[in-house]
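Structure at a glance
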Amino acid sequence: KAGVTQTPRYLIKTRGQQVTLSCSPISGHRSVSWYQQTPGQGLQFLFEYFSETQRNKGNFPGRFSGRQFSNSRSEMNVSTLELGDSALYLCASSLGVSATPSSYNSPLHFGNGTRLTVT
Amino acid sequence: QQQVKQSPQSLIVQKGGISIINCAYENTAFDYFPWYQQFPGKGPALLIAIRPDVSEKKEGRFTISFNKSAKQFSLHIMDSQPGDSATYFCAARTEETSGSRLTFGEGTQLTVNP
């Protein structure tokens with residue numbers, strides 16, 4: 001079974017631009033979550049989608065948005081990029097068969113991330 | 001209250017030794033505690049997880065010890081190997097009114113010397 005696939009692996013953007021990151025979950029997984037990883041802040045929760053609906057959102061500005069498609073694939077968008085947005089963006093999927101997609105029986109599986117550099 | 005505190009930040013162990021990483025939390029609403037292992041250039045991979053109604057879980061050389069009253073849990077890696085050299089993250093899950101999220105510790109960089 002293929003794992004979580006994230007594209008592209010690397011991105012270099014300029015301040016003020018916008019960027020879209022893509023995530024394909026493990027086949028059969030309906031929940032997709034996004035996390036930001038930086039050396040200073042560690043792993044921070046961005047948002048979670050289940051059945052095309054955003055169910056949970058972390059403490060990030062509105063410049064960070066996402067969506068999920070009917071095939072469970074997800075995209076994350078960051079507008080008006082800032083230098084501080086440079087990070088590894090990780091997508092994770094789980095079965096999400098209940099209201100608790102990260103439950104013991106539905107663990108979170110991460111992709112290898114998209115490394116975003118903002119110059 | 002949402003924080004998970006992890007220590008040490010870095011750890012150096014000799015091959016065959018025991019690696020111990022500790023985490024502490026405050027939020028009693030956490031109900032699931034996974035550990036993730038991350039190698040450079042890769043995403044975190046689930047290593048082992050525990051529920052708060054269990055005091056210990058063992059999978060191969062990896063053991064989680066959980067102390068609910070102290071709100072602490074730890075990862076023990078027995079017979080540590082150079083291939084275990086990676087960054088380890090503890091995490092804790094909260095179930096929100098809709099959906100859930102994982103709160104991660106700061107990470108521990110483990111180096112196992114041959």
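Whatever comes next refers back to the structure up there.
Residues numbered from 1 in each chain as written. Chains lettered and ligands numbered in written order. Predicted model: local features only at pLDDT ≥ 70, side-chain atom pairs only at ≥ 80, totals over all residues. Heavy atoms only, no water.

Some words on the packing of aromatic side chains
Under the counting rule described, the total for this entry stands at 19 aromatic pairs over all chains. Centroid distance Phe47(A) to Tyr49(A): 5.7 Å. Interplanar angle 70 degrees. Geometry classified as edge-to-face. Neither Phe47(A) nor Tyr49(A) differs from the other in exposure class; each is buried. Aromatic rings pair up to connect Tyr35(A), Phe45(A), Phe110(A), Tyr36(B), Phe89(B) and Phe104(B) into one cluster. (Phe/Tyr/Trp six-rings, centres within 6.5 Å; stacked < 30°, edge-to-face > 60°. Buried < 20%, exposed > 50% of the residue type's maximum accessible area, 1.4 Å probe, protein only.)

Regarding the nonpolar core
If you look at the biggest cluster of nonpolar residues, it comprises 24 residues, and the most contacted ones within it are Phe33(B), Trp35(B), Phe73(B), Leu75(B) and Tyr88(B). Among the secondary structure elements, those contributing two or more residues to this core are strand S2 (10-14), strand S3 (19-25), strand S4 (33-38), strand S5 (45-50), strand S7 (62-67), strand S8 (72-77), strand S9 (86-95) and strand S11 (108-113) of chain B. In terms of residues, this core owes the most to one element, S9(B), which gives four residues. Listed in part, the 21 residues of the second largest apolar core include Leu21(A), Ile26(A), Cys91(A) and Leu116(A). (Core = buried A, V, L, I, M, F, W, Y, C linked by side-chain atoms within 4.5 Å. Helix = DSSP H or I, 4+ residues; strand = E, 2+ residues; numbered from the N terminus.)

Some points on the state of the cysteines
The full count for this structure, using the stated rule, is two disulfides over all chains. Two residues, Cys23(A) and Cys91(A), share a disulfide whose sulfurs are 1.8 Å apart. Between Cys23(A) and Cys91(A), the S-S dihedral sits near -60 degrees, and the bridge is therefore left-handed. Of this pair, Cys23(A) sits in strand S3 (residues 19-24) while Cys91(A) sits in strand S9 (residues 87-94), and the two are 68 residues apart along the sequence. Accessibility classification places Cys23(A) together with Cys91(A) in one group, the buried group. Between the sulfur atoms of Cys23(B) and its disulfide partner Cys90(B) the distance amounts to 1.9 Å. Measuring the twist about the S-S bond at about -95 degrees, one finds the Cys23(B)-Cys90(B) disulfide to be left-handed. Here Cys23(B) is found in strand S3, whereas its partner Cys90(B) is found in strand S9, with 67 residues between them in sequence. Residue Cys23(B) shares its accessibility class with Cys90(B), and that shared class is buried. (Disulfide = S-S within 2.5 Å.)

Describing the side chain of Asn56(A)
Position of Asn56(A) relative to the elements: it lies in strand S6 (residues 53-57). For Asn56(A), the side chain forms a polar contact with the side chain of Arg101(B), separated by 3.1 Å. (Polar contact = N/O pair within 3.5 Å; in protein donor to acceptor, adjacent residues only side chain to side chain.)

Thoughts on the interface of chain B and chain A
Each partner contributes to the interface: chain B provides 22 residues, whereas chain A provides 23 residues. Where chain B abuts chain A, roughly 1900 Å² becomes buried across the two surfaces, and 52% of that area is made up of carbon and sulfur atoms. In this assembly, chain B and chain A are joined by zero salt bridges. Inspection of the chain B/chain A interface yields seven residue pairs in polar contact (both at pLDDT 80 or more). When residues of the side of chain B that touches chain A are traced back to their parent elements, those giving at least two are S4, S5, S9 and strand S10 (100-104) of chain B. No other element matches the four residues that S10(B) contributes to the side of chain B that touches chain A. Within the side of chain B that touches chain A, the residues separate by chemical class into nine nonpolar, six polar and seven charged. (Contact = heavy atoms within 4.5 Å. Buried area = accessible area lost by both parts, 1.4 Å probe. Salt bridge = Lys/Arg side-chain N within 4 Å of Asp/Glu carboxyl O. Nonpolar A, V, L, I, M, F, W, Y, C, P; charged D, E, K, R; others polar.)

The values reported here are purely geometric and, on their own, carry no functional implication.
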